[in-house]
Amino acid sequence: MVSSAAERRRGAGHALAQPLRDTRRNLHFFARAGYIFCSYKSFALRTHLLSRLRGDQVEAAWAAQHEWGGAQLYAIAIDLQGFHLKGAQWLSARPDICPPEWIAVLSRLQDRCPPLRRTEVETVLRAELGLSIDEAFARFDDTPIGAASIAQVHRAWLHPTRRWCGLWRSCRPVAVKVQRPRAEYLMMRDLRNIRAFFSLPFVRSSLAWDPMVILDQVDSEMEHEFDFIGEARAMDAVSEVLRRPPPGRFRWLREAAFYRPPVQVPHSVSGMVTKRVLVMDFLPGMQLSRLVREVGAARAVDAAQAAVHVLDNPSAPQALSQPAVGDIFGRLRRTRARSSTRHTNTGVGTFITEESASSATTSSRSLTRGQRAASRRLLRALAEAYGRMLFEDGFEGVHADPHPGNIVIRPGLRGFRVGLVDFGQTKSYDLSMRLRLARMVEALCAAGGAAGRASSEDVVAAFQGLGIRWNSSRPLAEQRAAVAATATEWYDTSPLPQPFSQDPTSPNYPVLALGRITAFPVEMLYFVRAIQYL
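Everything numeric in this text was worked out from a predicted model, so none of it was measured. (Residues numbered from 1 in each chain as written. Predicted model: local features only at pLDDT ≥ 70, side-chain atom pairs only at ≥ 80, totals over all residues. Heavy atoms only, no water.)

S.K.: Please set out the overall build of the protein chain residue by residue, giving values where relevant.
M.R.: For the protein chain, the count of helices and strands is 24 helices and 13 strands. Counting only residues that meet the buried cut, the protein chain has 48% of its 534 residues in that class. Put simply, of all contacts in the protein chain between residues at least 6 apart along the chain, 71% involve residues at least 24 apart. Accessible area of the protein chain: about 25800 Å², with a carbon and sulfur share of 56%. (Helix = DSSP H or I, 4+ residues; strand = E, 2+ residues; numbered from the N terminus. Buried < 20%, exposed > 50% of the residue type's maximum accessible area, 1.4 Å probe, protein only. Contact = heavy atoms within 4.5 Å. Areas by Shrake-Rupley, 256 points an atom, 1.4 Å probe, with all protein chains shown as cover.)

Encoded structure:
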């Protein structure tokens, strides 16, 4: 029995032929997207005409408008699913380009993907591997570890295998990633609709960025997300790079001392990788996003008991805040205590500067010394891993989607271990681009603080050396300060200097203060996005 009018309409829609369902979906998107756009344009015009309003009144009005806009985007994502849900989830993790009111609403979408049924999963496995679930695995957990808009992941155990000495090897735990049926068709169709909307002249001219540059890159990368063979190849390459000790003196000694990589990356299972199915090593622990939300819900419990409860309970919703990260790791340290927090920096990962690594401290001064040390340890581990991915031979790129749901935390004998999963979005760079990135980071580090960066010719030269061009009528000193702030926003995690703002709707947002961007290398979009996540 259908319980609501919305469910009756949804049921009627499924009964329609595919072309009619597609047409209905397209009209639904264009009508609602146009309504949101026109509302924002008219609101901007009204606030511009009402010049008698004080600054705080304008900010309050914009906050209310953003709350309404976030609710509208949330409704579109829930109703249409597909790429609209994935795009809204992506926006919820991008405070650098979205108002905080949007973030607060869209962050609730992180766990709204409905899971596939066991029969649907088995259909995909039979089509790709030629095996049923029972034939492929000794045990299979029907409840997914995570369900996303493209695929979902299950925990399973392989059948035991016979070793060379005649003994039987115990069942190996693995993670099974299964692509949703028709996901590629639906996603690419939604992306074409979004491209058509943003290509309208009055929409395209209203934005500080050319949306086609971003959509071109998203379009090309989206095709790779549906190819699990390419994902397994990138994941295995990163795993090999991080497993070997970094170059330097006494490398043989580090190998003999059982070198532990800064970040763990799973390895694919040979013979069980196809375009729509990926079987890989299982990383025990909990996603950082789920860990933060669960610890926040358990604040009434004793600190040590809360940390143990979180690590033993793998089902939890998601959220993230920097002070909470330090709180979590402080609890982990007290729970697993007597653990050392010493960390040796090899120098390869210094593309995230020491100032960046200590930004957690400045944003959470109320934390204890141990909590701040744990926060810095997480950032340094990720910084070293990303530096080695990018600058060592073997992969020469970055994991472009390091949001909290793709970072796994688990306790260990020496505090905690960090894992990185989901290599569907990666980007490799040639030697020329990697050298230019190194010069950019070197210039930021050499310039020191905000004042030094704002007056540094090397920062401007390195910024232009990346292929970025802009038009601006502002004085040269203001342009140089805007370049330094934009470089800090894109390639570092340090706080922005005054008077620049991290609010993308503010005229003091670095990119808007710089002027109109006329040239930007599209291959840099995913690198900038990765740094923003970190």
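Further notes follow.
S.K.: Let's hear about the environment of Met440: which residues, and what values?
M.R.: As for its position among the elements, Met440 is in helix H19 (residues 431-447). Note: C-alpha distance between Met440 and Gln464 (24 residues apart in sequence) is 9.4 Å.

S.K.: For the packing of aromatic side chains, give the residues involved together with the corresponding values.
M.R.: In this structure the tally under the stated criterion is 13 aromatic pairs. Relative to Phe30, the ring of Phe29 lies with its centre 5.3 Å away and its plane at 70 degrees, an arrangement referred to as edge-to-face. The exposure class of Phe29 is buried, given its relative accessible area of 7%. Seen in terms of ring centroids, Phe43 and Trp62 are 4.8 Å apart; in terms of plane orientation they differ by 80 degrees. Their pairing is edge-to-face. With Phe43 in helix H2 (residues 18-49) and Trp62 in helix H3 (residues 55-80), this pair connects stretches of sequence that are 19 residues apart. Judged by its relative accessible area of 23%, Trp62 falls in the partly exposed class. Ring pairs connect the aromatic residues Phe29, Phe30, Phe37, Phe197, Phe198 and Phe202, which therefore count as one cluster. In this structure, Arg377 is placed above the aromatic ring of Phe416, and the distance from its NZ or CZ to the ring centre is 5.2 Å. (Phe/Tyr/Trp six-rings, centres within 6.5 Å; stacked < 30°, edge-to-face > 60°. Lys NZ or Arg CZ within 6 Å of the ring centre and 35° of its normal.)

S.K.: Tell me about the packing of H19 against helix H22 (residues 476-491), residues and numbers included.
M.R.: Orientation of H19 relative to H22, taken along the N-to-C sense of each, is 115 degrees, at an axis distance of 11 Å. For the pair H19 and H22, the sense of crossing is left-handed. On H22, the residues that touch Leu437, Met440 and Leu444 of H19 are Ala487, Thr488 and Tyr491. When grouped by side-chain class, the residues that make up the contact of H19 with H22 number five nonpolar, one polar and no charged. (Axes fitted to C-alpha atoms, helices over the stretch in contact; angles between N-to-C directions. Left-handed = near helix turned anticlockwise from the far one by under 90°. Nonpolar A, V, L, I, M, F, W, Y, C, P; charged D, E, K, R; others polar.)

S.K.: Summarise helix H21 (residues 457-465); cite the residues concerned and give the values.
M.R.: Among the residues making up H21, those that are buried are Val459, Val460, Ala462 and Phe463. For H21, the angular spread of buried residues about the axis comes to 165 degrees, placing them on one side. Buried positions along H21 lie against H19, helix H20 (450-454), strand S12 (469-471), H22 and helix H23 (510-514). Where H21 ends, the next residue or the one after it, Gly467, has phi of about 95 degrees, a positive value. (Arc of directions from axis to C-beta.)

S.K.: I'd like a rundown of the side chain of Glu231, residues and numbers included.
M.R.: On the secondary structure map, Glu231 appears in helix H11 (residues 228-243). You can call Glu231 buried: its relative accessible area is 3%. At a separation of 3.4 Å, a polar atom in the side chain of Glu231 contacts the main-chain amide nitrogen of Phe423. If we ignore the near neighbours within four places in the chain, the residues touching Glu231 are Lys177, Leu278, Asp422, Phe423 and Gly424. (Polar contact = N/O pair within 3.5 Å; in protein donor to acceptor, adjacent residues only side chain to side chain.)

S.K.: Explain helix H4 (residues 82-92) to me, using residue names and the numbers behind them.
M.R.: Burial within H4 is extensive, with ten of its eleven residues counted as buried. Every buried residue of H4 is listed here: Gly82, Phe83, His84, Leu85, Lys86, Gly87, Ala88, Gln89, Leu91 and Ser92.

S.K.: Tell me what's going on with the nonpolar core, and back it up with residues and numbers.
M.R.: Ranked by internal contacts, the top residues of the largest apolar core, which has 104 residues, are Val418, Met440, Phe463, Ile468, Tyr491 and Phe527. Counting 18 residues, the second largest nonpolar core, distinct from the first, contains Val121, Ala136, Val269 and Met272. (Core = buried A, V, L, I, M, F, W, Y, C linked by side-chain atoms within 4.5 Å.)

S.K.: Explain the environment of Ile531 to me, using residue names and the numbers behind them.
M.R.: For Ile531, the position within the fold is in helix H24 (residues 525-533). For Ile531, a relative accessible area of 3% corresponds to the buried category.

S.K.: Explain unusual backbone geometry to me, using residue names and the numbers behind them.
M.R.: Between Gln498 and the following residue, Pro499, the backbone shows a cis peptide bond with an omega angle of 5 degrees. One non-glycine residue, Glu396, lies in the positive phi region at around 55 degrees. Relative to the elements of secondary structure, Glu396 occurs in the loop between helix H18 (369-391) and strand S8 (397-399). Even without a glycine there, the phi angle at Asp422 is positive, about 65 degrees. One can find Asp422 in the loop between strand S10 (415-420) and strand S11 (426-428).

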